[in-house]
Amino acid sequence: MRVQIVRDVKELLPHKEAWDRLSRSCAQGVFGSTGWVIPWIEVYASTSKLFCILFFDENDELVGFVPAMLVRKCHLKIMKFIGSPLNDFNEIIVEPRLQEAVIKLLLDTLTVYAEEWDLFDCELLSESQMQLLTQCESGQAKICYRPLYPMESPVIDLPETVQDYYSRMSSAWRHRFRGCLNKVGKNGAFSFSVLVDYNDIRQHIDQFENFRLDCWRKRNRDTELTALSQGKTFLQFLDKVAEELARTHSIAFPCLTYSGNVVAMGIYFLSPSGILNYMKSWNIDFFHFSPGKVLEMYMIEYAINNGFKKFDFGRGNESYKYDFLAKNAYLQHCVFGHRNVAGIIAVSAFAFREYCRCVLWGRLRRVSLRIRNKISAVSSRE
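This report concerns the structure included in the present document. (Residues numbered from 1 in each chain as written. Predicted model: local features only at pLDDT ≥ 70, side-chain atom pairs only at ≥ 80, totals over all residues. Heavy atoms only, no water.)

Remarks on the sheet that holds strand S3 (residues 52-56)
To summarise the sheet geometry, strands pair through backbone hydrogen bonds and adopt either a parallel or an antiparallel arrangement. Ordered by their spatial adjacency, four strands build an open sheet running S1-S3-S4-S7, and the pairing between neighbours is antiparallel. Of all the strands in the sheet, the pair left with one neighbour each is strand S1 (2-6) and strand S7 (93-94). Examined bridge by bridge, S1 and S3 share five bridges and lie antiparallel to one another. Opposite arginine 2, over in S3, you have phenylalanine 56 as the bridge partner. Lying over the sheet, helix H2 (residues 16-26) contacts strand S4 (62-66) and S7, oriented at roughly 85° with respect to S4. (Pairing = 2+ DSSP bridges. Helix = DSSP H or I, 4+ residues; strand = E, 2+ residues; numbered from the N terminus. Contact = heavy atoms within 4.5 Å. Axes fitted to C-alpha atoms, helices over the stretch in contact; angles between N-to-C directions.)

As for the packing of helix H9 (residues 205-218) against helix H10 (residues 231-247)
Contact geometry for H9 and H10: axes closest at 10 Å, N-to-C directions at 135°. As judged from the angle between their axes, H9 and H10 are oblique. Our pair here, H9 against H10, has a crossing hand that is right-handed. Residues Ile205, Asp206, Phe208, Glu209 and Arg212 of H9 touch H10, and the partners they reach there are Gly231, Phe234, Leu235, Leu238 and Asp239. Across the contact of H9 with H10, the residue classes tally to five nonpolar, one polar and four charged. (Parallel < 35°, antiparallel > 145°, perpendicular 65-115°, else oblique. Left-handed = near helix turned anticlockwise from the far one by under 90°. Nonpolar A, V, L, I, M, F, W, Y, C, P; charged D, E, K, R; others polar.)

Observations regarding the packing of aromatic side chains
A ring pair, where both rings are aromatic, is described by two values, the distance of the centres and the angle of the planes. Following the criterion strictly, the structure yields 26 aromatic pairs and no others. Aromatic pair tyrosine 268 and phenylalanine 311: ring centres 6.2 Å apart, planes at 50°, arrangement tilted. With tyrosine 268 in strand S14 (residues 261-271) and phenylalanine 311 in strand S16 (residues 310-312), the pair connects residues that are 43 residues apart, well separated along the chain. In this structure tyrosine 268 comes out as buried when scored by relative accessible area, which is 0%. Taken together, the ring pairs in this structure connect Phe31, Trp36, Trp40, Tyr44, Phe89, Phe234, Phe237, Phe269 and Tyr278 into an aromatic cluster. (Phe/Tyr/Trp six-rings, centres within 6.5 Å; stacked < 30°, edge-to-face > 60°. Buried < 20%, exposed > 50% of the residue type's maximum accessible area, 1.4 Å probe, protein only.)

If you want it as structure tokens, here you go:
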């Protein structure tokens, strides 16, 4: 087995067909596919330096791919997955029969190219891949690691029929959700459709982003948005992703309208493992219709009717996800460094920073939100 390091997109493009084929057969999602990674490189190229690792078998067939990049932060060279932090999860794309061999070779490769990186921020991987990375033994690798706080990613294991899904709910929740759908369904002015063709989707991309940002602002939560997830650059990225993923039938764009006016829209990614709710937006003027919940219910029914076995809500433990019978799955986070004094210090400092950012700061935000809601409730009563 041989390894190739790719530092320029021109070196990556000749492998696009093989990479596309490997991704479709082995990947759990779209975030390591050509349809996601290539648009990221084209739009956000100035923010990072490519460091993709390709693995070829004895027949020179591509059998493994690590879509990685190098960024500088706090005077450190940090290796990350391409697309972070916009990815809902990450993965090393590899033929299942060769997972252990590829992981061992990856660790050896990181040791060989030790001068290129200081930390490998291995963020939001599945438990099985993280286990392989942390437990795989390699005679040459001189790497230490430290596990960080995992991230909830609620999922629904979908039944065979829509009736089976609703039968799992308590009667109260069933009536509540069905009530939302009936309220919309009985009103002839409402219409629901799922767009999968890029020419149809592109007509709504601008409005989708305008609605999304408007909702965040009017709920006083726009400060939670990262710079990468808003603005003209992000809009350009979304448009390119929609075009690329529509080509491989990996995107669904639901659209709920009222008298011809758009009420709610969503971006959902399709893969052999299931359907992922990536992002939704809605017209704040229709908030009393619960457009987000209506869209979600329609898409769960769409997933069941089209034979998907899993509905993934994406990372984050927002309470509404569990109302739809989602159960927690966890994405693992680990940081790798060099097995020396400087590497151990860097890994420990990075782990402490991430704990403060993700855990302590998150708890403070939740407490402040509860206090703010109580103050608002008291003020409204007065």
